[in-house]
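Take a look at the letters that make up each chain.
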Amino acid sequence: MSSPDTAGISIALDQNEFLAEGASVVDAVLTVTTGPELTAVATPPPRLEILIIDCSGSMGHQRKFENARTATRAALDEIPDGTAFAIIEGTEAARMIYPTGALSAPADRTNRTAAKRALDRLRPDGGTAMGSWLALARQVAAGHPGAQAHAILLTDGKNEHETPEQLATELDRAEGLFVCDCRGVGADWAAADLHKISSKLSGGADIVADPKDLAADFAAMMRSSAARVIPELTLRVWTPAGARVRMVKQVAPVLEDLTGRRTDTGAQVGDYPLSSWAAEEREYHLQIELEPAAPGREKLAGRLSVLAGEDVLGQGLVRAVWTTDSTLSTRISTRVAHYTGQVELAQAVREGLAARRDGDVSTATAKLRRAVELAAASGHESTAKLLRTVVEVDEKDGTVKLRGQVSAADELALDIRSTKTTRLRSEGS
């Protein structure tokens, strides 16, 4: 079902409402599309851009630091005039590069020039403690209440100078204060670190294998950030008494688990933050558990509302109908099946690569074989291509075996891009 287009936003819900006798879980995929009409009338809050640059000693190799400075200059040139910005130097500690003595400066010709001069004075030296970098970014964001804050974090190494617990604690503190896109340059960083940061802080993560490509990537990220003129939207889920939400996941364009971000706002009502938007489409997979009813009975399992502030922009209803007709109850929504497979694909890639790193050839082969099968079934051509850099696939019988030699960059690319999904445009496609 779909809601009418309201002020440039449309809401569509896809599900199979029929459940077998005794079944208690209903699935649905919610598609939210925002159009240029909504972006044209949106009044965005003040904006804040934070650039976090790894300045550890390893950045001095392979011209990474020189290209990181060039990329930061390119990003500065893309920040719209009047936008507050700050640049943070990251080593085993964090230091404000620009401005000094203030939390931010407005983007204009004078401040851009001064910031670029400050970049010229930097030299790579020291270690890597990303939690401390995020702590300073959090302080900057906290000094701009109500601002739409976005950060870019660049690193070339592993988070070796603090404990995983320190990073996790800082991520908990920073969650909701700013969005953070992460980039790993070269091939000596850990995908797990960037997955943790980007997932917790609602951003994206990717590899830039060749440092020369950093400038174009930074400029593109800054343009994408500037296009998000729609302030944060919220998904509000109402369920009847006796029912509960088991899961809320963004499934396109990237996988992001929102279940733990719920805020209870009333009896049987919970809100899930959806971050800021440009003109775009995102999809969400929800699972709701409720008390089974007798065959032939129908229940309203949930009411889904997309809000801007307290204004409802669109709604969809999740229904459950119990039946003894197996042809109805075993029919799976194409969209639900597609995105369930995408989640399994990402998990198979992660587990397969972890087993490979641990030397568990049997588990790695089995997991990556399953990933190859899922990528083919879902039409995920980009992941299928990346998988072939790690495994050999016999086109005759479909057997899979691990490659003996795999470049670190190829393995990182497969790992960090495993959460990107392909969309299903129409039923049966």
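Everything numeric in this text was worked out from a predicted model, so none of it was measured.

### Brief notes about the overall build of the protein chain
Phase 1: A tally of regular secondary structure across the protein chain gives 12 helices and 21 strands.
Phase 2: Taking 22 Å as the expected radius of gyration for a compact globule of 429 residues, we find that the protein chain reaches 23 Å, a close match to that expectation.
Phase 3: With the C-alpha coordinates aligned to their principal axes, the bounding extent of the protein chain is approximately 75 × 55 × 35 Å.
Phase 4: Expressed as a percentage of its 429 residues, the buried residues of the protein chain come to 52%.

### Considerations on helix 4 (residues 130-142)
Phase 1: In a regular helix each residue adds 1.5 Å, so 13 residues correspond to 18 Å; helix 4 covers 18 Å between its end C-alpha atoms and thus fits that length.
Phase 2: For helix 4, every residue scored as buried is listed here: Met130, Gly131, Trp133, Leu134, Ala135, Leu136, Ala137, Val140 and Ala141.

### So, the sheet that holds strand 3 (residues 18-20)
Strands pair in a sheet through their backbones, by hydrogen bonds, and they do so in one of two ways: parallel or antiparallel.
Phase 1: The strand order across the open sheet built from 6 strands is 3-19-18-12-16-15, with neighbouring strands paired in mixed fashion. Two strands bound the open sheet, and with one partner strand each, they are strand 3 and strand 15 (263-266). Neighbour to neighbour, the strand axes of the sheet diverge by 30 degrees on average, direction disregarded.
Phase 2: In this sheet, strand 18 (residues 298-308) lies alongside strand 12 (residues 233-238) in antiparallel orientation, the contact comprising 6 bridges. Following the sheet pairing, Arg236 is matched in strand 18 by Ser305.

### Notes on the packing of helix 4 against helix 5 (residues 164-174)
Phase 1: The interhelical angle for the contact between helix 4 and helix 5, taken along N-to-C directions, is 20 degrees, at an axis separation of 9 Å. As far as their axial angle goes, helix 5 and helix 4 are roughly parallel. You can see that helix 4 and helix 5 cross each other, and the crossing is left-handed. For the pair helix 4 and helix 5, contact is made by Met130, Gly131, Leu134, Ala135 and Arg138 and by Leu167, Glu170, Leu171, Arg173 and Ala174, respectively.
Phase 2: Grouping the constituent residues of the contact of helix 4 with helix 5 by class yields 6 nonpolar, 1 polar and 3 charged.

### Observations concerning the packing of aromatic side chains
The way to describe two aromatic rings as a pair is by their centre distance and the angle between their planes.
Phase 1: Per the stated rule, a full pass over the model turns up 1 aromatic pair.
Phase 2: Arranged with centres 5.8 Å apart and planes meeting at 20 degrees, the rings of Phe85 and Tyr98 form a pair that is stacked. With a gap of 13 residues between them, Phe85 in strand 6 (residues 84-90) and Tyr98 in strand 7 (residues 94-98) connect regions that are remote in the sequence.
Phase 3: The class for Phe85 is buried, based on a relative accessible area of 0%.
Phase 4: Classification of Tyr98 by relative accessible area gives buried; the value is 14%.
Phase 5: Here Arg282 stacks its cationic end above the ring of Trp277, 3.9 Å away from the centre of that ring.
Phase 6: For Arg303, the ring lying beneath its charged end belongs to Trp238, and the centroid distance is 4.9 Å.

### Considerations on the pattern of salt bridges
Phase 1: Following the criterion strictly, the structure yields 35 salt bridges and no others.
Phase 2: With a closest N to O distance of 2.6 Å, Glu170 and Arg138 form a salt bridge. A residue pair is termed long-range when its members are at least 10 positions apart, and Glu170 in helix 5 and Arg138 in helix 4 qualify at 32 residues.
Phase 3: A residue is classified by how much of its surface remains accessible, and Glu170, at 3% relative accessible area, is buried.
Phase 4: In this structure, the salt-bridge partner of Glu351 is Lys367, at a minimum N-O distance of 2.8 Å. Of this pair, Glu351 sits in helix 9 (residues 334-357) while Lys367 sits in helix 10 (residues 361-378), and the two are 16 residues apart along the sequence.
Phase 5: By relative accessible area, which is 30% here, Glu351 ends up partly exposed.
Phase 6: Among the charged side chains, a network of salt bridges with common partners joins Asp172, Glu175, Lys200, Glu256 and Arg261.

### Considerations on the nonpolar core
Phase 1: Core analysis: the biggest nonpolar cluster contains 54 residues, and Ile52, Leu134, Leu153, Phe178, Cys180 and Ile197 have the highest contact counts within it.
Phase 2: Among the elements that make up this core, the one with the highest residue count is helix 4 (7 residues).
Phase 3: Excluding residues within four positions of it along the chain, Ile52 makes contact with Ile88, Trp133, Leu134, Ala137, Ala151, Ile152, Leu153 and Leu154.
Phase 4: Counting 32 residues, the second-largest nonpolar core is a separate cluster that includes Val26, Ala243, Val245 and Tyr272.

### Re the state of the cysteines
The term disulfide refers to a covalent linkage connecting the sulfur atoms of a pair of cysteines.
Phase 1: In total, this model carries 0 disulfides according to the counting rule given.
Phase 2: Distance from the sulfur of Cys55, which forms no disulfide, to the nearest cysteine sulfur (Cys180) is 15 Å.
Phase 3: Free cysteine: Cys182, not disulfide-bonded; nearest cysteine sulfur from Cys180 at 4.1 Å.
Phase 4: In this structure Cys182 comes out as buried when scored by relative accessible area, which is 0%.

Each value, and the rule that gives it
- Once a new chain begins, its residue numbering starts again from 1 and follows that chain's sequence as written.
- Residues qualify for local features only when their pLDDT is at least 70, as the model is predicted, and side-chain atom pairs are given and counted only at 80 or more; totals for whole chains, interfaces and linings, by contrast, use all residues.
- Calculation of side-chain values draws on the structure's entire complement of heavy atoms; hydrogens and water are dropped beforehand.
- Strands are runs of DSSP state E lasting at least 2 residues, helices are runs of H or I lasting at least 4, and numbering of each runs from the N terminus.
- C-alpha atoms define the radius of gyration in this analysis, and the globule rule sets the expected value at 2.2 Å times the number of residues to the power 0.38.
- Only protein chains enter the accessibility calculation, which uses a 1.4 Å probe; a residue whose area is less than 20% of its type maximum is buried, one above 50% is exposed, and one in between is partly exposed.
- Expected span, for any helix, means 1.5 Å times one less than how many residues it has.
- Two strands qualify as a pair provided DSSP detects at least 2 bridges between them.
- Only the stretch in contact is used when a helix axis is fitted, and all axes are lines through C-alpha atoms; the angle between N-to-C directions ranges over 0 to 180 degrees.
- Oblique is the label for any angle not covered by the other classes, which are roughly parallel (under 35 degrees), roughly antiparallel (over 145) and roughly perpendicular (65 to 115).
- Crossing chirality is assigned from the near helix's rotation relative to the far helix, an anticlockwise turn below a right angle marking it left-handed and a clockwise turn marking it right-handed.
- Residue contacts are defined here by distance: any two heavy atoms, one from each residue, within 4.5 Å place the two residues in contact.
- Note on residue classes: Ala, Val, Leu, Ile, Met, Phe, Trp, Tyr, Cys and Pro are nonpolar, Asp, Glu, Lys and Arg are charged, and everything else, Gly too, is polar.
- Each Phe, Tyr or Trp ring (for Trp, its six-membered ring) is paired with any other whose centre lies within 6.5 Å, and the angle between the two planes then decides the class: stacked below 30 degrees, edge-to-face above 60, tilted in between.
- Charge-over-ring contacts are defined here by two conditions on Lys NZ or Arg CZ: a distance within 6 Å of the ring centre and an angle within 35 degrees of the ring normal.
- Just to be clear on terms, a salt bridge is a Lys or Arg side-chain nitrogen sitting within 4 Å of an Asp or Glu carboxyl oxygen.
- Buried residues of nine kinds, namely Ala, Val, Leu, Ile, Met, Phe, Trp, Tyr and Cys, make up a nonpolar core once their side-chain atoms join them within 4.5 Å.
- In plain terms, two cysteine sulfur atoms within 2.5 Å form what is called a disulfide here.

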